[in-house]
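# Commentary on secondary and tertiary structure
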Amino acid sequence: MLTVLNIEDKKPKNFVQAIKAIFRPYIINAEIRNAGGISVADISYIRKRGDIRFNKIYEYCIGASKTILCDKNISLKGTPFRRFEGFELNKKLLENFICDILESSEINPAQLSISYYDPNADSPAFAERLLKYSSKLTVVSNMPRFYENESDRLLNEYGVSMIVSNSLDRLYPCDILIAPCKIKRPLPSVPSTPVFTVHRPLVAVPGNIITGYDIEIPEKYKPLKPDGTDKDYFLSGLYSLCAAHDIGSLIPHSCKSDCRTFTKSDIIRLIGASVSRKD
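These lines cover the structure that appears in this document, whether it is placed above or below. (Residues numbered from 1 in each chain as written. Predicted model: local features only at pLDDT ≥ 70, side-chain atom pairs only at ≥ 80, totals over all residues. Heavy atoms only, no water.)

## A word on the overall build of the chain
For clarity, the cut-off: Helical segments are the DSSP runs of H or I of at least four residues, strand segments are the runs of E of at least two, and each set is numbered from the N terminus. Only the protein chains shown count as covering a residue, and every accessible area follows the Shrake-Rupley method with a 1.4 Å probe. When charges are counted, Lys and Arg are positive and Asp and Glu negative, with His and the chain ends excluded. Charge positions come from single atoms, namely NZ of Lys, CZ of Arg, CG of Asp or CD of Glu.
Helix and strand counts for the chain come out as 7 helices and 14 strands. Each principal axis of the C-alpha atoms in the chain carries an extent, and together these give about 75 × 35 × 35 Å. Surface summary for the chain: the accessible area is close to 14,400 Å², and the carbon and sulfur share equals 49%. One finds the centroid of the 38 positive side-chain charges in the chain at a distance of 9 Å from the centroid of its 32 negative side-chain charges.

Dropping the structure here:
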């Protein structure tokens with residue numbers, strides 16, 4: 001069962017309410033939602049006075065996972081709970097979106113240059129998929145030997161290969177930079193480069209930094225989402241914690257950076273413009 005916790009501060013507005021809050025400093029409302037073969041515990045804690053009583057919230061979560069969905073500003077230090085922060089769904093949606101736009105575009109694979117940053121070799125299968133769309137795929141990894149073996153295998157089996165390096169400098173120039181990981185080191189790029197990743201970079205990176213991939217919540221899961229819970233965060237929790245793997249097969253209709261939403265056509269135009277500048 002997935003647990004979603006929402007905290008609402010409702011401080012007393014007058015003397016009478018303040019007196020009542022002494023005897024009833026909080027209210028907990030809990031509801032179990034069931035749909036699509038999944039159960040969600042929707043817990044609302046209304047704080048009128050004092051600290052959050054996590055021991056009281058815990059009583060509503062006995063037998064459920066203590067990895068919960070909640071606002072990132074809620075401190076769970078010293079409590080039985082930990083906040084869910086997985087990016088597995090975002091990685092799948094990134095892959096689906098990129099393959100969909102490249103499948104839809106008319107860009108010649110011989111002209112398209114893709115750079116793929118996978119420092120821990122966590123996603124080699126996606127690198128293999130990218131070879132369908134580009135004959136100029138460069139993979140940069142801290143595990144170059146692994147990817148060199150992969151490149152040899154692909155050359156023997158399919159007659160295609162990739163450029164492999166452990167130097168970040170080899171990521172640029174490119175038409176697309178893909179990093180299905182948290183970016184913790186500055187990467188070489190330019191402001192016009194589409195950079196597809198799953199999390200806001202921890203360092204400054206030039207480019208159109210795409211971190212979100214927009215899908216609609218499937219009808220069968222709509223009754224599960226509590227009001228006030230971010231849709232993307234909720235779907236990510238369903239995917240990772242409730243094995244709702246069908247969500248990972250959806251194709252995003254758009255993507256977004258911190259300041260802009262891009263349609264598929266917008267991204268295809270960005271990539272096409274980069275390819276054209278090289279001609």
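From this point on, the discussion continues.
## Overview of the side chain of Thr67
Put simply, the rule reads: Exposure categories follow from relative accessible area, calculated using a 1.4 Å probe and restricted to protein chains: below 20% of the type maximum is buried, above 50% is exposed, and the middle band is partly exposed.
Relative to the assigned elements, Thr67 resides in strand E4 (residues 67-68). The exposure class of Thr67 is buried, given its relative accessible area of 12%.

## Concerning the pattern of salt bridges
The criterion, for reference: By convention in these notes, a salt bridge is any Lys or Arg side-chain nitrogen within 4 Å of a carboxyl oxygen on Asp or Glu.
Counted by the stated rule, this structure contains 19 salt bridges. With its nearest N and O atoms 3.6 Å apart, the salt bridge here joins Glu95 to Arg129. Here Glu95 is found in helix H3 (residues 88-104), whereas its partner Arg129 is found in helix H4 (residues 124-130), with 34 residues between them in sequence. Residue classification places Arg129 among the partly exposed positions, given a relative accessible area of 36%. Taking the shortest distance from any N to any O, the salt bridge between Glu157 and Arg153 comes out at 3.3 Å. Of this pair, Glu157 and Arg153 both sit in helix H5 (residues 144-158), 4 residues apart, which is roughly one turn of that helix.

## Considerations on the packing of H3 against helix H7 (residues 264-277)
In plain terms, the rule: Here an angle of 0 to 180 degrees is reported between the N-to-C directions of two axes, which are lines fitted to C-alpha atoms, with helices fitted over the stretch in contact. Every angle not falling under 35 degrees, over 145, or within 65 to 115 is termed oblique; those three ranges are roughly parallel, roughly antiparallel and roughly perpendicular. Two helices that cross are described as forming a left-handed crossing if the nearer one is turned anticlockwise from the farther one by less than a right angle, and a right-handed crossing if clockwise. By the convention used here, residues are in contact when the closest approach between their heavy atoms is within 4.5 Å. Basically, the charged four are Asp, Glu, Lys and Arg, the nonpolar ten are Ala, Val, Leu, Ile, Met, Phe, Trp, Tyr, Cys and Pro, and anything else, Gly included, counts as polar.
As a packed pair, H3 and H7 sit with axes 10 Å apart at the nearest point and diverge in direction by 70°. The orientation of H3 relative to H7 falls into the category roughly perpendicular. Seen along the crossing, H3 lies across H7 with a hand that is right-handed. Counting all contacts with H3, which are made through Phe97, Asp100, Ile101, Leu102 and Ser104, the residues of H7 involved are Lys264, Ile267, Ile268 and Ile271. Tallied by class, the residues present in the contact of H3 with H7 amount to 6 nonpolar, 1 polar and 2 charged.

## Things to note about the environment of Val198
Tracing the sequence through the fold places Val198 in the loop between strand E10 (194-197) and strand E11 (208-210). Classification of Val198 by relative accessible area gives buried; the value is 5%. Taking the C-alpha atoms as reference points, Val198 and Lys11, 187 residues apart in sequence, are found 37 Å from one another.

## Thoughts on the sheet that holds strand E9 (residues 176-179)
Using the following cut-off: Here the rule is simple: two strands pair whenever DSSP picks up at least two bridges between them.
If you trace the 6 strands from one edge of the open sheet to the other, you get E8-E7-E6-E9-E10-E11, paired in parallel fashion. Either end of the sheet is taken by a strand with one partner, and the two such strands are strand E8 (163-165) and E11. Across the sheet, the axes of successive neighbouring strands diverge by a mean angle of 20°, strand direction being ignored. Note that E10 and E11 share 3 bridges and pair parallel. Paired with Pro194 across the strands is Asn208, a residue of E11. Running over the sheet, H3 touches strand E6 (113-117), E9 and E10 and is turned about 145° from E10.

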